Amino acid sequence: MPLQIQKSSWSTTELEDLRDLARTFCQKELAPNQERWAAEKKVDRELWTKAGEVGLLALSIPEEYGGGGGTFAHEAVLYEEQARSGDSAWGVTVHSGIVAHYLLEYANEEKKREWLPKFASGEMVGAVAMTEPGTGSDLQSIKTRAVRDGDHYVINGAKTFITNGFHADLVVVAVKTDPDAGAQGVSLIAVETDTPGFSRGRVLDKIGLKGQDTAELNFDDVRVPVANLLGDQEGLGFIQLMQQLPQERLIIAVTAVAGMEAAIDQTIAYTKDRQAFGRPIYHFQNTKFKLAEAATEAAVSRAYLDQCIERHLRKELDVQGAAMAKLWTTERVNKVVDDCLQLFGGYGYMSEYPIARAWADIRISRIFGGTSEIMKEIISRTL
């Protein structure tokens, strides 16, 4: 019997219908390709257009811009089913849940109508480029510059750890428009990747997320129109980042909880089937107690996550609440998946077992979107 997961308080019949579609798509298009994508360090480009054709991209973008017209709950359903399928390669959370919303909230009307329908169809793939070599979470210290030259900005610099970096057609880039103004000197500019001077570095070799095209990006005198600036003036980038980070951290929490539940399901099935000393491993007290602890961790995490999703749907989720959600769920999922792997014994260390891949994939959750230490700093400021 799989882990019993209580239906989320924010769920509806429409969302459960979407879940059926998302589950079918993930099982058909994502799950069978994990080993090949890991070897190639990227998903197939056609995956994006396939997802667009069945209506799984830009689910929370208004219909007037070509999106699904839904809410964050629609996005959460897809991200949960992606995590439960064992996929960590497809960067749809960044594309639809993060980049599309930077464009929706801050791009001018003409650019929204130009770009967002292509995000929904899969014609364009989105990425966001904040991190630079040597800066990590310190966005005030970025070195990438954008200098105004008439009706254009000229961008120079380098970014690293960029999800969707290999396939991206449009990148939201954090730049310094005023290098002497600290946080007030940061702006966000959208760069189409066919612009001269833009180039991609290597796709990075990571411990986990092997199939995700995490890349280095380079900007060498890249000229983009002033109209590509997000916001109606320079220097708003840091504020925009802070406004969007709660949703990004909530997305990470969604995938963490779904990943936790999937790992427990796999472990229950394995321990009931695997024999040791003449009986299933599940019947040993240590196994039952560890799984009882894991199931409790997942249930408590799910309860707080659902509360945060409800608050977000009401536009009430604050920075502190999102930081708590990310901190709690990512710390818990790392513990739970590690405990589950232990119950697989030596087979848990074999890459062909999903639990081994999950263990490697989930480690980054305590780092990206702001490290656990940064989350604690954010939370402590409100105490």
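Remember, predicted model here, so these are calculated numbers, not experimental data.

Thresholds, definitions, all that
Residues numbered from 1 in each chain as written. Predicted model: local features only at pLDDT ≥ 70, side-chain atom pairs only at ≥ 80, totals over all residues. Heavy atoms only, no water. Phe/Tyr/Trp six-rings, centres within 6.5 Å; stacked < 30°, edge-to-face > 60°. Helix = DSSP H or I, 4+ residues; strand = E, 2+ residues; numbered from the N terminus. Buried < 20%, exposed > 50% of the residue type's maximum accessible area, 1.4 Å probe, protein only. Lys NZ or Arg CZ within 6 Å of the ring centre and 35° of its normal. Salt bridge = Lys/Arg side-chain N within 4 Å of Asp/Glu carboxyl O. Axes fitted to C-alpha atoms, helices over the stretch in contact; angles between N-to-C directions. Parallel < 35°, antiparallel > 145°, perpendicular 65-115°, else oblique. Contact = heavy atoms within 4.5 Å. Nonpolar A, V, L, I, M, F, W, Y, C, P; charged D, E, K, R; others polar. Domains from an automatic or database assignment. Buried area = accessible area lost by both parts, 1.4 Å probe. Polar contact = N/O pair within 3.5 Å; in protein donor to acceptor, adjacent residues only side chain to side chain. Patch = residues over 30% accessible without salt bridge, like charges linked within 9 Å, V, L, I, M, F, W, Y side chains within 5 Å. Areas by Shrake-Rupley, 256 points an atom, 1.4 Å probe, with all protein chains shown as cover. Pairing = 2+ DSSP bridges. UniProt positions renumbered as here; feature names shortened; annotations may be inferred.

A. Structural view of the packing of aromatic side chains. The tally for this structure, following the rule as stated, stands at 9 aromatic pairs. A ring pair is formed by Phe198 and Phe219, whose centres lie 5.5 Å apart and whose planes are at 65°; its orientation type is edge-to-face. Residue Phe198 is found in strand E6 (residues 198–203), and its partner Phe219 is found in strand E7 (residues 215–225); the two are separated by 21 residues along the sequence. Given the relative accessible area of 12%, Phe198 is considered buried. Looking at Phe219, the relative accessible area reads 3%, which means it is buried. An angle of 90° between the planes, with centres 6.3 Å apart, marks the rings of Tyr270 and Tyr353 as edge-to-face. A residue pair is termed long-range when its members are at least 10 positions apart, and Tyr270 in helix H7 (residues 237–273) and Tyr353 in the loop between helix H9 (319–343) and helix H10 (354–362) qualify at 83 residues. An aromatic cluster is built from Tyr270, Phe344, Tyr347 and Tyr353, whose rings are joined through pairwise contacts. Taking NZ or CZ as reference, Lys42 lies 5.1 Å from the ring centre of Phe166, over its face.

B. Quick look at the pattern of salt bridges. Going through the model one piece at a time under the given rule, you end up with 28 salt bridges. Across the pair Glu40 and Arg36 runs a salt bridge whose closest N-O atoms are separated by 3.5 Å. Separated by 4 residues within a single helix, Glu40 and Arg36 lie in helix H2 (residues 34–40), roughly one turn from each other. Overall, the relative accessible area of 36% leaves Glu40 in the partly exposed class. Put simply, Arg302 and Glu80 hold a salt bridge, and the shortest N to O gap is 2.7 Å. In this pair, Arg302 is assigned in helix H8 (residues 285–313) and Glu80 in helix H4 (residues 72–84), connecting sequence segments 222 residues apart. With relative accessibility at 1%, the residue Glu80 sits in the buried group.

C. View of the packing of helix H5 (residues 92–106) against helix H6 (residues 109–121). Close contact between H5 and H6 brings their axes to 10 Å; oriented N to C, the two are set at 170°. Between H5 and H6, the angle falls in the class roughly antiparallel. Note on element contacts: H6 touches H5 through Lys112, Trp115, Leu116 and Phe119, opposite His95, Val99, Ala100, Leu103 and Leu104. Classifying every residue of the contact of H5 with H6 by side-chain character gives 7 nonpolar, 1 polar and 1 charged.

D. Quick look at the domain arrangement of the chain. Looking at the chain, the domain boundaries give domain 1 (13–124), domain 2 (127–234) and domain 3 (238–381). Counting residues at the interface gives 16 residues for domain 1 and 19 residues for domain 3. Carbon and sulfur atoms make up 65% of the surface buried where domain 1 meets domain 3, a total of about 1700 Å² over both sides. Inspection of the region where domain 1 meets domain 3 yields 2 salt bridges. The partner of Arg84 in a salt bridge is Glu261, and the shortest N-O contact between them spans 2.8 Å. Joining domain 1 to domain 3, the criterion identifies 6 residue pairs in polar contact (both at pLDDT 80 or more). When residues of the side of domain 1 that touches domain 3 are traced back to their parent elements, those giving at least two are H4 and H5. Partitioned by chemical class, the residues of the side of domain 1 that touches domain 3 number 8 nonpolar, 5 polar and 3 charged.

E. Expanded view of a nonpolar patch on the surface. A contiguous nonpolar surface patch, about 440 Å² in accessible area, is contributed by Tyr347, Tyr349, Met350 and Trp359. In this fold, Met350 is placed in the loop between H9 and H10.

F. Looking closely at the pairing of strand E5 (residues 186–192). For E5, the tally of buried residues reaches 6 of 7 residues, placing the bulk of the element in the interior. As defined by bridge partners, strand E4 (residues 170–176) adjoins E5 across 7 bridges and the pair is classed as antiparallel. Looking at the pairing, Ala174 lines up with Leu188 of E5.

G. Representation of the UniProt feature "domain: Acyl-CoA dehydrogenase/oxidase C-terminal" (unreviewed entry) in the chain within the structure. Residues given the UniProt feature "domain: Acyl-CoA dehydrogenase/oxidase C-terminal" (unreviewed entry) here are residues 237–382. Secondary structure across residues 237–382 comprises 75% helix and 3% strand; the distance between its end C-alpha atoms is 23 Å.

H. Just the UniProt feature "domain: Acyl-CoA dehydrogenase/oxidase N-terminal" (unreviewed entry) in the chain, in detail. Mapped onto the present numbering, the UniProt feature "domain: Acyl-CoA dehydrogenase/oxidase N-terminal" (unreviewed entry) falls on residues 12–123. For residues 12–123, the end-to-end C-alpha separation is 30 Å, with 66% helix and 0% strand making up the annotated structure.

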